[in-house]
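# Geometric and topological summary
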Amino acid sequence: MSDAAPPPPAARLVDRARALRDRIDWMMLFPVAAALAWGFGDSTMAMVLVVVLPAFLALQGRPASRTAPAPAETGGTVSAEVLRQRLDGILADCAARDRTTAVLRLRLRPAEGTDPWDREAEDAVLARIALRVISAMRGRDEVLRSGSDELTVLLCPTRRADLPILMNIADRIQVAAAEPISLDGDVLRGRSAIGICSVAMAPDRSGRAMLAAAGSALAIALRDRSDAIRFYNSDLRDEVEIDARLAEQIDAALDAGRIGAWFQPQIVAATGDVAGFEALARWTHPELGVLEPERFLPAVRASGRMTELGEAVLAAALDALASWDAAGLGVPGLCVNLSQEELSDPRLAERLAWLVDQRDVATRRISFELPPTVTERAGDETVQANIDALRQTGFRLDLDDFGTGPATVGHVARFGVHRIVLDRSLIAGIDEDPGRRRIIAAILSMARVLGIETLAEGVETEELSETLREMECSHFQGFAIARAMPLVDTLTWLRTHRARRGAALIQMRPQGTA
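Residues numbered from 1 in each chain as written. Predicted model: local features only at pLDDT ≥ 70, side-chain atom pairs only at ≥ 80, totals over all residues. Heavy atoms only, no water.

What follows deals with the packing of helix α6 (residues 119-136) against helix α7 (residues 163-178). The contact between α6 and α7 brings their axes to 9 Å, and the two run at 145°. By crossing handedness, the relation of α6 to α7 is classed as right-handed. Every residue of α7 that contacts α6 at I129, R132, V133 and A136 is listed here: R172, I173, A176 and A177. Grouping the constituent residues of the contact of α6 with α7 by class yields 6 nonpolar, no polar and 2 charged. (Axes fitted to C-alpha atoms, helices over the stretch in contact; angles between N-to-C directions. Helix = DSSP H or I, 4+ residues; strand = E, 2+ residues; numbered from the N terminus. Left-handed = near helix turned anticlockwise from the far one by under 90°. Contact = heavy atoms within 4.5 Å. Nonpolar A, V, L, I, M, F, W, Y, C, P; charged D, E, K, R; others polar.)

Structure, rendered in structure tokens:
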């Protein structure tokens, strides 16, 4: 026999009220109550609005407004265990009321091409972004700071959390995060990557599983782009595990020389002659095969070894030039990409000139491709000094993604580039799209007036190459010419290309006598 006394009538009444609360969505009754109140006059309706609705909201645990600051607003960071407990509570509420929910994990970074933030600035920026995100969400959605540069959004129980709805929420969050922030006289700009997991996507209906799944989606988003949005699926978990393994192996791979370059040819549009090759980073992995830079660049960047990667690719490019020269294949030059991290090194130009001089290669045979983000650092003295020094040393300069990135004619003049690169997204479909073709024609005309060359990347069909040739684009690169290939394959390709060019020239010569 139990010693516990029966609960008092008041407690039983509260329990019954809570049970009623769990079965009924009082918000759905509000329009009915308002309509009834309308028939009794303005004062009665006001009483319903001011007293009854807040009372029911309080009974459900729904605050009528966000009066108490969330941890994200005050700068406090919640632990993983607190996040799990809160999400488990939301899931229990969803189960009781036939609702669903979702988790969005957001990582904030300085916009590409801008200076990194110190800890104080990072705290201030994240606190302001949190306020903006809160204002973009519904009243009961929780916005919590879950790391030094991370926010986690827990959606309150809702009837729907499908892909379009979650994408709309993510878009609102990114718009809020992208707005410039004024701090101590400086204007700071950020970008946010977001990983999302809903109940329907989760590997298990638990707070721990959903948080881990959203974290996996965020990791893939960060690998792809600093402002990417990714939804969880079962394949992402394997990708995250592979990325973690690559991050652990990156140092050994660089030290052992397993990261080098493959080469994609660039041709002169008017003649079809080889203008050079672009050296593209590749990692020959013992288990995963040949990896493209999109797969391992985040790991290299996180390890702080972008400079070593750049040197490895340049060394491979110089080796390739030596091989082509020894074979008498007459490749005019090579293009090597520079990263923003390399351009921020005050000794960059001196170091690159020394590496090239050690191989006894003329600087005019090497082109360095400037990333599009360099335009956002145009006022950086170190970046500008490096660009000037590279040009004065005799290196050629290409400016990437002109027409789609932030570069302008002013940047072309300021950096003194020799060639602008048209991205594949800009030239795609110009043989069928008159409007886009006019844009390309204007860019090519501007380049001719300025006396600089042009390179169209992503030329994948003969029709597209013919259209660009008619428009007097200087150089082509893309699958229509050849895919990127290891050095040994370039030797065969060059000989075959030369033979075809020779045969074509013979066919073009006049036959017979006048």
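Turning our eyes to something else, we now look at the pairing of strand β3 (residues 150-154). Among the 5 residues in β3, 5 count as buried, and that is most of the element. Residue alternation in β3 divides its side chains into two sets, E150, T152 and L154 and L151 and V153, and both sets are buried. Sheet topology places strand β1 (residues 102-110) next to β3; 5 bridges connect them, and they run antiparallel. The residue of β3 that forms the bridge with V103 is L154. (Buried < 20%, exposed > 50% of the residue type's maximum accessible area, 1.4 Å probe, protein only. Pairing = 2+ DSSP bridges.)

As a further point, take the nonpolar core. W324, F368, L370 and L468 are the most contacted members of the largest nonpolar core, which totals 77 residues. In terms of residues, this core owes the most to one element, helix α11 (residues 306-326), which gives 10 residues. Discounting residues that sit within four places of it in the chain, L468 has contacts with I427, I430, I440, A456, V459, C473 and F476. Core analysis: the next-biggest nonpolar cluster, separate from the first, contains 30 residues, V125, A161, L183 and F231 among them. (Core = buried A, V, L, I, M, F, W, Y, C linked by side-chain atoms within 4.5 Å.)

Two orientations exist for strands paired in a sheet by backbone hydrogen bonds: parallel and antiparallel. Spatial strand order, β2-β3-β1-β6-β7: 5 strands in an open sheet with mixed pairing. Edge positions in the sheet fall to β2 (142-147) and β7 (229-231), since each has one partner strand and no second. The average undirected angle you get between the axes of adjacent strands in this sheet is 20°. Pairing of β2 with β3, which is carried by 5 bridges, proceeds in the antiparallel orientation. Paired with V143 across the strands is V153, a residue of β3.

Of note, D360 is a non-glycine position whose phi angle comes to about 60°, a positive value. Located in the positive-phi region is E472, a residue other than glycine, with phi close to 70°. You can see E472 is positioned in the loop between α18 (462-470) and β16 (475-476). Judged by its relative accessible area of 51%, E472 is exposed.

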